[in-house]
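Overview (structure and organization)
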Amino acid sequence: MESWEQAMAKRVGILTAGGDSPGLNAAIRGFGKAAIGQHGMELIGFEQGIRGLAEDRWRVLDSAALSGILTVGGTVLGTSRDKPHRMVIDGETVDMVPTIVENYEKNKLDALVCIGGGGTAKNANRLAKAGLNVIHLPKTIDNDIAHTDTSFGFSTALGIATDAIDRLHSTAHSHHRVIIAEIMGHKAGWLALGSGVAGGADIILIPEIPYSIESVAESVHSRAKSGRSFSVIAIAEGARDEQDTADLAAAEALRKSASAPEEKAAATKHRDSIEAAHRDNAFKVASALEEATGLESRVTILGYVQRGGTPDAHDRMLGTLLGSAGAALVADKEFGITVASQSGEAVPVPLSDVAGNLKTVPVDHAWIKAARAVGTGLGD
Ligand code: F6P
């Protein structure tokens, strides 16, 4: 029988991948302090996400390295959006999974912790399938990871976007303008919806509810008629009008049904070109509204401001909670999981249930009901 010491995972690698997000350092610290202090493990940190893992770039993370990082924004390990099975090296796309497996073995790792969003969950699942002992900690400002109530980063971004909407009201009402705030969130509307409700946006446009520009113009008009000659609109970067939503769905269906590799590549290119054509949607909405309502309409893109800076108390708590719970799960040799946040508890969920499974806003969600109840337009 294995002794207690032998049964424990001893040497663990950790990395952060995908977009930077507030709370990443809290999670690194939460995992690391518990792993070293409570479970007697050694920790090494790979630099720049999956790329550092493939290129075998790492440094030891001891107690001193984990000190003083709780409140720091970004990630002390650096990050990248590389995919293990399709990494671009010197202009060539290479499958680096075998190299990653070699590096894992060479470094005598017992486990690998991947901190990241939906893309990272997919990559972590790929590495788990290649035989590595992987756990995933869910971070993203988009809050779109399946089976977790909240991901760390979301709360801070929600606060920043809400503050921005508050501030935009000053110029909107002083100048009698329509101000459109473009808010991140990729294909999900959580951030735009949450900050729109909290900031009292007059209209909120999200990907889950395709909008009609006529309906948006009507909401702006009726406010102007009742003496409120300004409007603040929170638009998610992924929001589309009804026609664009239908075009995109058709292109995606075509892509999914394509079987031959050339056919699939062409369908993907077509889908991506439709997506790219609508990246400046906020500006299109602004000019359509200016024409329809006669009110001066301006756009403010919040961009990376939303994910920068010190994490709020909630994200520090969540990073610490999920990180430290992750260390206990590694000690118990529970692998192939996401450490999800469910009703305030850290709960292991199979990675295969999380990977590729986007959590979008249900159209009957309580936040949508609340927005409608207070008279906020949703563009439908
Ligand atoms: O996933 C987080 C996120 O900030 C999304 O909201 C946004 O679409 C994306 O990252 C931007 O990515 P990048 O850092 O590659 O510009």
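Residues numbered from 1 in each chain as written. Predicted model: local features only at pLDDT ≥ 70, side-chain atom pairs only at ≥ 80, totals over all residues. Heavy atoms only, no water.

Per an unreviewed UniProt entry, the protein carries the name ATP-dependent 6-phosphofructokinase and comes from Tessaracoccus flavus. Recorded in UniProt under Sequence similarities (unreviewed entry), the annotation for the protein is "Belongs to the phosphofructokinase type A (PFKA) family. Mixed-substrate PFK group III subfamily." According to the UniProt record, the Cofactor (unreviewed entry) comment for the protein is "Mg(2+)". (UniProt positions renumbered as here; feature names shortened; annotations may be inferred.)

1. A short note on the sheet that holds strand β11 (residues 297-301)
As a general point, the strands of a sheet are linked pairwise by backbone hydrogen bonds and lie either parallel or antiparallel. Read from one edge of the open sheet, four strands run β9-β10-β8-β11, paired in parallel fashion. With one partner strand each, in any of the chains shown, β9 (203-205) and β11 form the two edges of the open sheet. Between one strand axis and the next, the sheet turns through 20° on average, direction left out of account. Taken together, the six bridges between strand β8 (residues 178-183) and strand β10 (residues 231-236) define a ladder with parallel strand orientation. Along β10, the bridge assignment pairs E182 with I235. The strands that helix α8 (residues 190-199) touches are β8, β9 and β10; relative to β9, the one it contacts most, it runs at about 170°. (Pairing = 2+ DSSP bridges. Helix = DSSP H or I, 4+ residues; strand = E, 2+ residues; numbered from the N terminus. Axes fitted to C-alpha atoms, helices over the stretch in contact; angles between N-to-C directions. Contact = heavy atoms within 4.5 Å.)

2. Topic: the pairing of strand β7 (residues 134-138)
Across the five residues of β7, five count as buried, placing the element largely inside the fold. As defined by bridge partners, strand β6 (residues 111-116) adjoins β7 across five bridges and the pair is classed as parallel. Looking at β7, one finds that G116 is bridged to P138. On the question of chirality, the crossover connecting β6 to the parallel β7 by way of helix α6 (residues 118-129) is right-handed. The sheet contact formed by β7 and strand β12 (residues 337-342) spans two bridges and is parallel. Within the sheet, the bridge partner assigned to H136 lies in β12 and is T338. (Buried < 20%, exposed > 50% of the residue type's maximum accessible area, 1.4 Å probe, protein only. Right-handed = clockwise from strand over helix to strand, strands pointing away.)

3. Topic: the packing of aromatic side chains
Where two aromatic rings form a pair, the distance of their centres and the angle of their planes describe that pair. For the structure shown, the criterion picks out two aromatic pairs. Here the aromatic rings of F154 and W367 are separated by 6.4 Å at their centres, their planes lie at 15°, and the arrangement is stacked. Taken together, the residues F154 in helix α7 (residues 154-175) and W367 in helix α15 (residues 366-373) connect sequence positions 213 residues apart. Classification of F154 by relative accessible area gives buried; the value is 4%. Ring geometry for W190 and W367: centres 5.7 Å apart, planes at 85°, overall edge-to-face. In this pair, W190 sits in helix α8 while W367 sits in helix α15, placing the two residues 177 residues apart along the sequence. For W190, a relative accessible area of 6% corresponds to the buried category. (Phe/Tyr/Trp six-rings, centres within 6.5 Å; stacked < 30°, edge-to-face > 60°.)

4. Describing the confidence of the model for the protein
On average, residues of the protein score 96 in pLDDT, and 98% of them reach the 70 mark or higher. Per-residue pLDDT stays below 50 along residues 1-5; that stretch engages in three contacts with residues further than four places along the chain or on separate chains. (pLDDT = per-residue confidence, 0-100.)

5. Section: the site of the ligand
As a structural note, the neighbourhood of the ligand is formed by R81, I141, D142, M184, G185, H186, E237, Y304 and R307. The separation between an oxygen atom of the ligand and a polar side-chain atom of R81 is 2.9 Å. Take Y304: an N or O atom from its side chain is 2.5 Å from an oxygen atom of the ligand. Bound to the protein, the ligand loses 74% of the 400 Å² it would expose on its own. Each of domain 1 (4-152 + 308-354) and domain 2 (158-240 + 278-306) gives at least three residues to the shell around the ligand. (Near = heavy atom within 4 Å. Polar contact = N/O pair within 3.5 Å; in protein donor to acceptor, adjacent residues only side chain to side chain. Areas by Shrake-Rupley, 256 points an atom, 1.4 Å probe, with all protein chains shown as cover. Domains from an automatic or database assignment.)

6. Some points on the packing of helix α10 (residues 242-257) against helix α11 (residues 261-277)
At a minimum axis separation of 8 Å, α10 and α11 run at an interaxial angle of 165°. Overall, the two elements α10 and α11 adopt an arrangement that is roughly antiparallel. α10 and α11 meet at a crossing whose hand is left-handed. Along its contact with α10, which presents D247, L248, A251, E252, L254, R255 and K256, the element α11 presents K264, A267, T268, H270, R271, I274 and E275. Its residues assigned to classes, the contact of α10 with α11 comprises five nonpolar, two polar and seven charged. (Parallel < 35°, antiparallel > 145°, perpendicular 65-115°, else oblique. Left-handed = near helix turned anticlockwise from the far one by under 90°. Nonpolar A, V, L, I, M, F, W, Y, C, P; charged D, E, K, R; others polar.)

7. A few points about the pattern of salt bridges
Taken as a whole and judged by the stated rule, the model has 18 salt bridges. One salt bridge in this structure joins R167 and D163, with 2.9 Å as the shortest N-O distance. One end of the pair, R167, and the other, D163, are both in helix α7, four residues apart, so they sit about a helical turn from each other. On the accessibility criterion, D163 (33% relative accessible area) is partly exposed. Salt-bridge contacts for D280 lead to K284; the nearest nitrogen and oxygen are separated by 3.5 Å. (Salt bridge = Lys/Arg side-chain N within 4 Å of Asp/Glu carboxyl O.)

8. Let's talk about the domain arrangement of the protein
In many analyses, interface size is given as the accessible surface area lost on bringing the parts together. If you check the domain split of the protein, you get domain 1 (4-152 + 308-354) and domain 2 (158-240 + 278-306). Look at where the C-alpha atoms of domain 1 and domain 2 centre, and you get two points 35 Å apart. Contact with domain 1, which involves five residues of that partner, is made by ten residues of domain 2. Counting the surface lost from both domain 1 and domain 2, the interface buries some 590 Å², and carbon and sulfur atoms represent 53% of this. The three residues of domain 1 that bury the most area against domain 2 are I141, D142 and G308, which together make up 72% of that side's buried surface. Where domain 1 meets domain 2, there are zero salt bridges. (Buried area = accessible area lost by both parts, 1.4 Å probe.)

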